[in-house]
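Report on the structure
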Amino acid sequence: MRISASTEQARTPPDDGVSAVALLEELFGDAAAADNPTGIQSVVAADERREMLAEGERLLDNYGLSAHFVPQEFGGRLIGLQGLIHVLRAVYRRDPALGLGYGASSLLAAVNVWTSGRADQRSELAAILLDGAKVACGYHELAHGNDLSRAEVTATSVPDGLRLNGSKEVIANLDRADAMVLFARTAQASGGRSHSQLFLKKDQLPATQARQLPRFHTVGMRGVQLGGIEFADCLVSPDTVVGAPGHGLETALRSFQTTRIALPGMTIGILDTALRIAVRCTSGRRLYGKTAADLPLTRTVLAEAFADLLLADTLTTVSARAMHTAPGQAGNYAAATKAFVPKTLMAAIHKLSGLLGSQFYLRTGPYALFQKLLRDSLPSGFGHASRASCLTALLPQIPVTARRTWGNDKSPPLDGSTFRLAASLPGLSFDALSVSGAGHDPLARALPVGLAAHPSGRDAMARRIRERAEEAVGSLAEFAAECAKLTPRDLGPDAPARSFDLAERWCEMLAASAVLNLWWHNHKRLDHIADPVWVVAALHRIDAHAGKRVDPLPPDLVEPLYRELLRREAAGLTFDLSCQATGC
């Protein structure tokens, strides 16, 4: 059974999650209210106890958050990836541990079944999630980190089924989950067909053969329960295998494309709240006879963090929409998003911490949430898939993409609906996801095509955008020529640093294309992104993150960005592209 639109050309209305987020924000209430059981004080107190926010979980139970992880054809609310990201981002704005521990961990497991599972497995998983239960994802092992190809838990074929042996040490929500997706070795030979994924109901695992291991305590996401499981000749049915036996790694690589976009997109909510706290703190903190916000350095740091947030949201938004319009290339955009966005967000939050002064170290008081946000942001850099593993995934794609797309003027760009935020999209099809992009990169191709199609405006800021776009197109041609020279020795995990630099440049190029095309396709339609200042600032920040420039944002960008920050904070609006109402 396919999890996709009813026809290849079927399109869905814009699924931006606006109404779903509005309802969720209403349920959460005023975050600052002392008597709010899901407010800031309660979130910080739960973190101190290393517990999940119980009232938050009850709220999400009543809201039916898990239904957003289930495709619509199975009775759920999952229509588009962008809408899912916005709903979970609203949870992350309130409490990142609640977002991961209640929601994202179940999503990580579920996408594997939507990608490769049988019809009965998909129906069973849908029933579990729609009932409000949780599903755990047993991928990684401490000894091997993100290298799934070396996973050692075995599922050996025997006459009466599969016998599991070995242990997985760090699985979020294992103790609280009704089911789990387990990644296990089913063949001793090396290569890509040595592992399978199993969909297991926990109540069907004999307690004497499947022993749960003690919980791990962590620095960040302290409320998330990380546990383990040890198998000792645990017999399970052969029907538990998800997809074809031996195709577990392929399933993972395809399903990762959803979560490598979704998780960074959700994590943007952490920076949103951290930036809100920093704006409030600096507006009231006195330094040198003025407020801290009166100092040019303070405003620059705030404006740069705002630009970083918009930059990160732009790349995740375009990548999420490309899952619908170009699913065959989503793997590359997912890897680029996971490599670029968490690094950008963590750096911004860390820099904001300096503006709080001694307030940053306090675990009580009006700004106590900030230190939790900083700690909770750290796992985004290595959890699920590390930045290094994402860059490694991009390496083999570089030479063929240089030949077929970057150096080919006839290669087609992304469909314009990918960038038009109000446009409908084709249905989300997990079946269409591919392990390889086959050398096609329509997002990069949209850069020169978009430049040719959109003439420069007359004002100074529009001319600056045009100049930066021309520079980016010129860099793309140089980049293609350099990448075409790579040899097979330059493309593996032990590749030289120069190769990984090229993979990073690819991510930066995709981010620039996303920013420019989002601007070209929306600035006449959506008022809240009509000011070109954010575009110039985002492009400046790409170069800053790449080490191409060390100068801060110039004052003519800082001041309008700072004013927009103040406007949104006063109006209770989010700082991302959606500019939605929030009670944070």
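Anyway, here's the lowdown on the structure attached to this text. (Residues numbered from 1 in each chain as written. Predicted model: local features only at pLDDT ≥ 70, side-chain atom pairs only at ≥ 80, totals over all residues. Heavy atoms only, no water.)

Note: strand 4 (residues 161–172) against strand 8 (residues 226–236), eight bridges, orientation antiparallel. Bridge pairing links Arg163 to Leu235 in strand 8. Looking at chain direction, strand 7 (residues 210–216) and strand 8 are connected through five bridges and run antiparallel. Paired with Gln212 across the two strands is Ile229, which belongs to strand 8. (Pairing = 2+ DSSP bridges. Helix = DSSP H or I, 4+ residues; strand = E, 2+ residues; numbered from the N terminus.)

Now for the side chain of Thr115. As for its placement among the helices and strands, Thr115 is situated in helix 5 (residues 96–116). The class for Thr115 is buried, based on a relative accessible area of 4%. Here Val111 takes part through its backbone oxygen, which lies 2.6 Å from a polar atom of the side chain of Thr115. (Buried < 20%, exposed > 50% of the residue type's maximum accessible area, 1.4 Å probe, protein only. Polar contact = N/O pair within 3.5 Å; in protein donor to acceptor, adjacent residues only side chain to side chain.)

Where helix 8 (residues 296–325) contacts helix 9 (residues 330–353), the axes come no closer than 9 Å and their chain directions differ by 165°. What the angle tells us is that helix 8 and helix 9 run roughly antiparallel. Considering the relative orientation of helix 8 and helix 9, their crossing is left-handed. Contacts from Val301, Leu302, Glu304, Ala305, Asp308, Leu311, Ala312, Leu315, Thr316, Ser319, Ala322 and Met323 of helix 8 reach helix 9 at Ala330, Tyr333, Ala336, Thr337, Phe340, Val341, Thr344, Leu345, Ala348, Lys351 and Leu352. (Axes fitted to C-alpha atoms, helices over the stretch in contact; angles between N-to-C directions. Parallel < 35°, antiparallel > 145°, perpendicular 65-115°, else oblique. Left-handed = near helix turned anticlockwise from the far one by under 90°. Contact = heavy atoms within 4.5 Å.)

The next subject is the pairing of strand 4. In the sheet, strand 3 (residues 154–158) pairs with strand 4 via five bridges, with the strands oriented antiparallel. Considered in strand 4, the bridge of Val158 is made with Gly161. The antiparallel hairpin formed by strand 3 and strand 4 contains two residues in its connecting segment.

Okay, the pattern of salt bridges next. All told, the structure shown has 39 salt bridges when counted by the stated rule. Here Asp95 ties to Lys372 by a salt bridge, and the two come within 3.0 Å at their closest N and O atoms. Note that Asp95 is positioned in the loop between helix 4 (81–94) and helix 5 and Lys372 in helix 10 (residues 369–377), a separation of 277 residues in sequence. On the basis of relative accessibility, which here comes to 3%, the residue Asp95 falls in the buried class. Between Glu482 and Arg505 there is a salt bridge whose closest N-O contact spans 3.0 Å. One end of the pair, Glu482, is in helix 14 (residues 460–483); the other, Arg505, is in helix 15 (residues 497–522), with 23 residues separating them in the sequence. Taking the relative accessible area as the measure of exposure, Glu482 reaches 28% and is therefore partly exposed. Here the salt bridges share partners, and the residues they tie into one network are Asp47, Glu48, Asp95, Arg222, Arg363, Lys372, Arg375 and Asp376. (Salt bridge = Lys/Arg side-chain N within 4 Å of Asp/Glu carboxyl O.)

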